[in-house]
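Structural features, examined
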Amino acid sequence: MRRIGVVVNPVAGMGGRVGLKGTDGKVVEAIERGAEPRAVDRAVTALDALARHDSSVEAFAAGGVMGADAVREAGFDPVVVTDPAGGVPGETSAEDTHRAVRAFVDREVDLVLFVGGDGTAVDVANALDEADVETPMLGVPAGVKVYSSVFGVTPRDAGRIAATFDRVEDREINDIDEDAYRGGAVETELRAVRPVPVADELQASKQIGGGSVETLAAGFAASVIPGTTYVLGPGSTVGAIKRELGFAGSPLGVDVWRATASEDGPAGELLVTDASEAEILDALGEQNVAVVSPIGGQGFVFGRGNDQISPTVLNRCDVEIVASKAKLDGLDVLRVDTGDEETDEALSGWTKVRVGRFEQRMMQVR
């Protein structure tokens with residue numbers, strides 16, 4: 001019988017849709033902006049998948065919202081190993097995560113299944129390193145920033161991997177400076193290397209890369225339609241489009257721009273910079289297009305770093321994907337993980353990706 005320890009960071013991902021690009025030190029502000037917890041729901045999705053593949057798993061969990069609630073909802077009867085200090089999101093801490101992982105080690109679990117983002121991955125890895133054990137870890141993606149290669153591609157993938165893996169390999173855990181990230185700079189740091197189950201459905205480390213996209217950006221700018229509202233996602237490729245449209249925008253945020261009629265090239269009005277989900281919804285018009293570029297090395301177009309472009313936003317937008325040819329050469333498929341199955345299904349299938357002024361490439365989204 002496989003023994004799995006489950007720990008959930010209940011505030012993971014709360015800062016995404018309200019435009020905070022993370023929740024480290026920003027939980028109160030996220031809640032004030034109307035953020036809602038999402039990690040427990042993603043934990044349940046992963047644990048439901050785990051149960052379908054192996055219902056005999058012996059589950060250990062941190063108490064309440066940090067694990068036990070989700071484990072019970074998925075149909076398991078957990079052994080509760082800790083009683084976190086807080087009973088609701090925002091009242092728990094990294095020390096609660098450390099305490100849970102140490103308790104899992106004492107009970108000789110076969111895997112630590114954690115739910116969160118890169119910060120949670122670092123907390124789990126540090127606790128395992130301090131215990132000096134080779135216990136593998138696996139992440140259920142729930143954070144705003146998910147740069148590390150220790151996560152399942154989706155929560156459902158993570159649950160299946162947890163139930164079926166038969167070997168492990170060392171993989172990297174990276175984290176970024178959230179304050180720098182909010183200011184438009186990506187400063188990554190390798191924080192740990194830990195054993196992780198081997199599976200095709202593990203996401204790769206995010207590649208930080210550039211490449212010339214000026215021709216692509218010029219082609220996009222020439223094609224904008226007056227009266228259309230463009231929801232422009234983060235990243236360097238879309239950033240080149242923003243510059244071509246005449247504004248700098250937010251390098252790692254979402255900007256909303258509306259095209260106006262002009263005989264002298266692209267013209268328009270910047271409606272919102274670094275917008276939250278609510279601000280995007282307020283700014284949308286009759287015709288809307290969400291413009292995004294996949295994350296290099298991972299292929300995500302929605303669900304990583306652009307949670308502000310939520311399922312509710314996407315229900316009112318067409319979607320245009322842009323990418324350099326070099327970036328697509330390193331990707332087999334594009335991926336979506338919006339947290340809403342109907343939205344993910346609607347986005348899935350074959351789609352055209354703009355790779356130049358006129359050129360397009362067909363890519364599969366799943």
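Residues numbered from 1 in each chain as written. Predicted model: local features only at pLDDT ≥ 70, side-chain atom pairs only at ≥ 80, totals over all residues. Heavy atoms only, no water.

Where an unreviewed UniProt entry is consulted, the protein appears under the name ATP-NAD kinase family protein, with the organism given as Natranaeroarchaeum aerophilus.

Section: helix α2 (residues 39–53)
Since the α-helix packs 3.6 residues into each turn, any two residues three or four apart lie on the same face. With 15 residues, α2 should cover 21 Å at 1.5 Å per step; its first-to-last C-alpha distance of 22 Å lies within 8% of that length. All of the buried residues along α2 are A39, R42, A43, V44, A46, L47, A49 and L50. Contacts made by the buried residues of α2 are with β1 (3–8), α3 (68–73), β4 (111–116), β5 (137–141) and α6 (155–164). (Helix = DSSP H or I, 4+ residues; strand = E, 2+ residues; numbered from the N terminus. Expected span 1.5 Å × (residues − 1). Buried < 20%, exposed > 50% of the residue type's maximum accessible area, 1.4 Å probe, protein only. Contact = heavy atoms within 4.5 Å.)

Description of the pairing of strand β16 (residues 360–365)
As judged from the six bridges shared by strand β15 (residues 349–354) and β16, these two strands associate in the antiparallel manner. In the sheet register, G349 faces β16, and the bridge partner there is V365. Hairpin connection of β15 to β16: five residues between the antiparallel strands. (Pairing = 2+ DSSP bridges.)

Re the environment of R99
As for its placement among the helices and strands, R99 is situated in helix α4 (residues 94–106). Each C-alpha atom of the pair R99 and V124 lies 9.8 Å from the other, and the pair is 25 residues apart in sequence.

Things to note about the pairing of strand β11 (residues 288–292)
Most of β11 sits inside the fold, with five of its five residues counted as buried. Of the two faces of β11, the one carrying N288, A290 and V292 and the one carrying V289 and V291 are both buried. Pairing between strand β8 (residues 229–232) and β11: four bridges, direction parallel. Considered in β11, the bridge of L232 is made with V291.

Section: the environment of P84
Looking at where P84 falls in the secondary structure, it is placed in the loop between β3 (79–82) and α4. Through-space distance from the C-alpha of P84 to that of R99 is 8.8 Å; in sequence the pair is 15 residues apart. If near-sequence neighbours (up to four positions away) are discounted, P84 is found in contact with G63, M66, T92 and D96.

Describing the sheet that holds strand β13 (residues 318–322)
If you walk across this open sheet you meet the seven strands as β10-β9-β8-β11-β13-β15-β16, and the pairing is mixed. In the strand order of this sheet, the two ends are held by β10 (267–272) and β16, each with one partner. Going from strand to strand, the sheet's axes swing by 35 degrees on average, the running direction of each strand aside. Examined bridge by bridge, strand β9 (residues 255–260) and β10 share five bridges and lie antiparallel to one another. Note that in β10 the partner of R258 across the bridge is E269. Along the sheet, helix α8 (residues 214–222) makes contact with β8, β11, β13 and β15, crossing β15 at roughly 100 degrees. Where helix α9 (residues 236–245) meets the sheet, it contacts β8, β9, β11 and β13, and its direction lies at approximately 140 degrees from that of β8. (Axes fitted to C-alpha atoms, helices over the stretch in contact; angles between N-to-C directions.)

Some thoughts on the packing of aromatic side chains
Inspection of the entire model under this criterion finds three aromatic pairs. Here the aromatic rings of F114 and F151 are separated by 5.4 Å at their centres, their planes lie at 70 degrees, and the arrangement is edge-to-face. Residue F114 is located in strand β4, and its partner F151 is located in the loop between β5 and α6; the two are separated by 37 residues in the primary sequence. The two residues F114 and F151 agree in class, both being buried. With centroids separated by 5.7 Å and ring planes inclined at 75 degrees, the aromatic side chains of F220 and Y230 adopt a geometry described as edge-to-face. Of this pair, F220 sits in helix α8 while Y230 sits in strand β8, and the two are 10 residues apart along the sequence. For F220, a relative accessible area of 1% translates into the label buried. According to the relative accessible area criterion, Y230 is buried, its value standing at 4%. An aromatic cluster of three or more residues is present, and its members are F220, Y230 and W257. Against the face of F165 rests R2, its NZ or CZ located 4.1 Å from the ring centre. The lysine or arginine in question, R304, covers the ring of F300, its NZ or CZ lying 3.9 Å from the ring centre. (Phe/Tyr/Trp six-rings, centres within 6.5 Å; stacked < 30°, edge-to-face > 60°. Lys NZ or Arg CZ within 6 Å of the ring centre and 35° of its normal.)

Considering the packing of α8 against α9
Relative orientation of the contacting elements α8 and α9 amounts to 55 degrees, with a least axis distance of 8 Å. Our classification of the angle between α8 and α9 gives oblique. Here α8 runs over α9; the crossing is right-handed. Residues L216, A217, A218, F220 and A221 of α8 pack against T237, A240, I241, E244 and L245 of α9. (Parallel < 35°, antiparallel > 145°, perpendicular 65-115°, else oblique. Left-handed = near helix turned anticlockwise from the far one by under 90°.)

Considerations on the pattern of salt bridges
Under the counting rule described, the total for this entry stands at 15 salt bridges. A salt bridge links R160 to E201, with the nearest nitrogen and oxygen atoms 2.5 Å apart. With R160 in helix α6 and E201 in the loop between β7 (188–197) and α8, the pair connects residues that are 41 residues apart, well separated along the chain. The closest approach of N and O atoms between D329 and R361, which form a salt bridge, is 3.0 Å. In this pair, D329 sits in helix α12 (residues 325–329) while R361 sits in strand β16, placing the two residues 32 residues apart along the sequence. Judged by relative accessible area, D329 falls into the exposed class, the value being 58%. Accessibility expressed as a relative area gives 25% for R361, which makes it partly exposed. Overlapping salt bridges, with partners in common, bring together E95, D96, R99 and R102 in one network. (Salt bridge = Lys/Arg side-chain N within 4 Å of Asp/Glu carboxyl O.)

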